[in-house]
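Fold and geometry: a report
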Amino acid sequence: MTYSISKPVIDKEEIDAVVAVMKSGMIAQGPKVAELEQKFAKFVGSQYAVAVNSGTAALHCALVAAGIGKGDEVITTPFSFVATVNTILMCGAKPVFVDIHPRTYVIDDRKLEKMITAKTKAILTVDLYGYPCNYNKIMKLAKEHNLVVIADACQAHGSEYHGKMVGNIADITCFSFYATKNMMCAEGGMITTNNPEYVEVCKAFRHHGMTKQYQYSGIGYNYRMTDINAAIAIEQLKKLPVFNVRRDSNAMDYYRYLKDNLNIMLPRYDNKNISCYHQFTIRLKRYDRDDFLKYMASNGVNCGVYYPEPLCYQDHIKSLVPFNHHFKVVRRVCSQVVSLPVHPGLTSIDIAQICKIINEYDP
Ligand SMILES: *Cc1c(COP(=O)(O)O)cnc(C)c1O
């Protein structure tokens, strides 16, 4: 038996939906994209949704809609996928990193305010592993300092914060439908917002900057989603609540079976801050990570390391970081995290077996 870290669910519904679009002859952006936008907005409770062809494209559109450009500063976390920071750089803006919280691994809201300068235009939060940031505090700070909050929710489809869905908390929220995410369509992305002006900018920006036929508001890209991808995403969105119940149940099994293991630290659990468990990420307090990963793999369990190195130390980014900023927490966390398989294809028997393997580790 081997357990993979992620496994997209592709059933008859997804396959039939793709075939139907192919047979319709309308395969590029069309009615299926519009249907997905309407249904996704309804799911998160936002007024609007704009579909694009990746989570990265969604972030780029959102930053442009927020007016981010050359010379602006965007406050963000060093603990994310590189697209979070690359899209800030694509706008010609400067990422300003704030260290992460030692237990929740998202941006440490207690350290955020002192990084705000006259050049700060936005805060780009990341709901890492599906765990929502402390939005009560962040939205309040943003209001006081007149900043736009953009949420990178590429790992947080269906997460909830104090009774509100992620996607309807920040000013603009970005999702990814990449193959490994909680819902997927091979490649795809979505922007949600309640601001019609942001919608207008995003819709033009995904379509070459076009506002009317052959009239342009400025530079744009081809970030359009196809109806083929949208048809898959519509089927996945129907199943997302069930996928997330399965993930949650797998996560609860991990908490139950690993709670007495003193060599590992379990992720923060908070019943007001509901994770969609994109990842179930433990920290190794005593073990060498490479040895542990080898042991797990030799027992058929493929784990993940998200992410091994803080973004503030990547070659193309590190020159932008002041030399006297240290990011102690993220450095330690990066060296200790291990994500365990939690995808909806796993049963409680599988989780029990994986936990038995972990609890028997004796290096
Ligand atoms: C997946 C992911 C992205 C990028 O999404 P793509 O669809 O692969 O472009 C951005 N940020 C985070 C946190 C992600 O997990």
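Look a little higher up for the structure.
From a predicted model like this one, the values you see are computed outputs, not experimental measurements. (Residues numbered from 1 in each chain as written. Predicted model: local features only at pLDDT ≥ 70, side-chain atom pairs only at ≥ 80, totals over all residues. Heavy atoms only, no water.)

Taken together, 7 strands build an open sheet; the order of strands is S1-S9-S8-S5-S4-S2-S3 and the sheet is mixed. Each of the sheet's edge strands pairs with one partner strand only, and the pair in question is strand S1 (48–52) and strand S3 (94–97). Strand-to-strand twist across the sheet, computed as the mean angle between neighbouring axes with direction ignored, equals 25°. Two strands pair when backbone bridges link them, and strand S2 (residues 73–76) and S3 are joined in this way by 4 bridges, in the parallel orientation. Paired with Glu 73 across the strands is Lys 94, a residue of S3. Together, S1, S2, strand S4 (120–126), strand S5 (148–152), strand S8 (172–176) and strand S9 (189–193) form the strand contacts of helix H3 (residues 55–65), whose direction differs from that of S8 by roughly 165°. Contacts between helix H5 (residues 135–145) and the sheet are confined to S4 and S5, with S5 contributing the most and set at about 145° to the helix. (Pairing = 2+ DSSP bridges. Helix = DSSP H or I, 4+ residues; strand = E, 2+ residues; numbered from the N terminus. Axes fitted to C-alpha atoms, helices over the stretch in contact; angles between N-to-C directions. Contact = heavy atoms within 4.5 Å.)

Now for unusual backbone geometry. A cis amide bond, omega 5°, links Tyr 306 with the succeeding residue Tyr 307. On the secondary structure map, Tyr 307 appears in the loop between helix H8 (289–298) and helix H9 (328–336). One non-glycine residue, Tyr 105, lies in the positive phi region at around 70°. With respect to the element layout, Tyr 105 can be found in the loop between S3 and S4. Accessibility expressed as a relative area gives 2% for Tyr 105, which makes it buried. Phi is positive for His 208, close to 65°, though the residue is something other than glycine. (Buried < 20%, exposed > 50% of the residue type's maximum accessible area, 1.4 Å probe, protein only.)

Let's shift gears to the site of the ligand. Among the 15 residues in the neighbourhood of the ligand, the closest are listed as Gly 55, Thr 56, Asp 152, Ser 176 and Lys 181. Taking Gly 55, its main chain carries an N or O atom lying 2.8 Å from an oxygen atom of the ligand. Taking Asp 152, its side chain carries an N or O atom lying 2.8 Å from a nitrogen atom of the ligand. Here the ligand loses 92% of its free accessible area of 380 Å² to cover by the protein chains. Where the shell around the ligand is concerned, the elements lending two or more residues are H3 and helix H4 (83–90). Its residues placed into classes, the shell around the ligand shows 5 nonpolar, 8 polar and 2 charged. (Near = heavy atom within 4 Å. Polar contact = N/O pair within 3.5 Å; in protein donor to acceptor, adjacent residues only side chain to side chain. Areas by Shrake-Rupley, 256 points an atom, 1.4 Å probe, with all protein chains shown as cover. Nonpolar A, V, L, I, M, F, W, Y, C, P; charged D, E, K, R; others polar.)

Turning next to the pairing of strand S15 (residues 337–340). Neither face of S15 is left uncovered, since the one carrying Val 337 and Ser 339 and the one carrying Val 338 and Leu 340 both have all their residues buried. Pairing geometry for strand S14 (residues 280–284) and S15, over 4 bridges, is antiparallel. Across the sheet, residue Phe 280 finds its bridge partner in S15, namely Leu 340.

The 3 strands are arranged S7-S6-S13 in an open sheet whose pairing can be described as antiparallel. The outermost strands of the open sheet, each flanked by one partner alone, are strand S7 (164–165) and strand S13 (273–274). Where strand S6 (residues 160–161) and S7 come together, 2 bridges link them in antiparallel fashion. Opposite Tyr 161, over in S7, you have Lys 164 as the bridge partner.

Now for the pairing of S1. Burial analysis of S1 places 4 of its 5 residues in the buried class, which makes it a mostly covered element. Looking at chain direction, S1 and S9 are connected through 5 bridges and run antiparallel. From the neighbouring strand, Ala 51 faces S9, where its bridge partner is Met 190.

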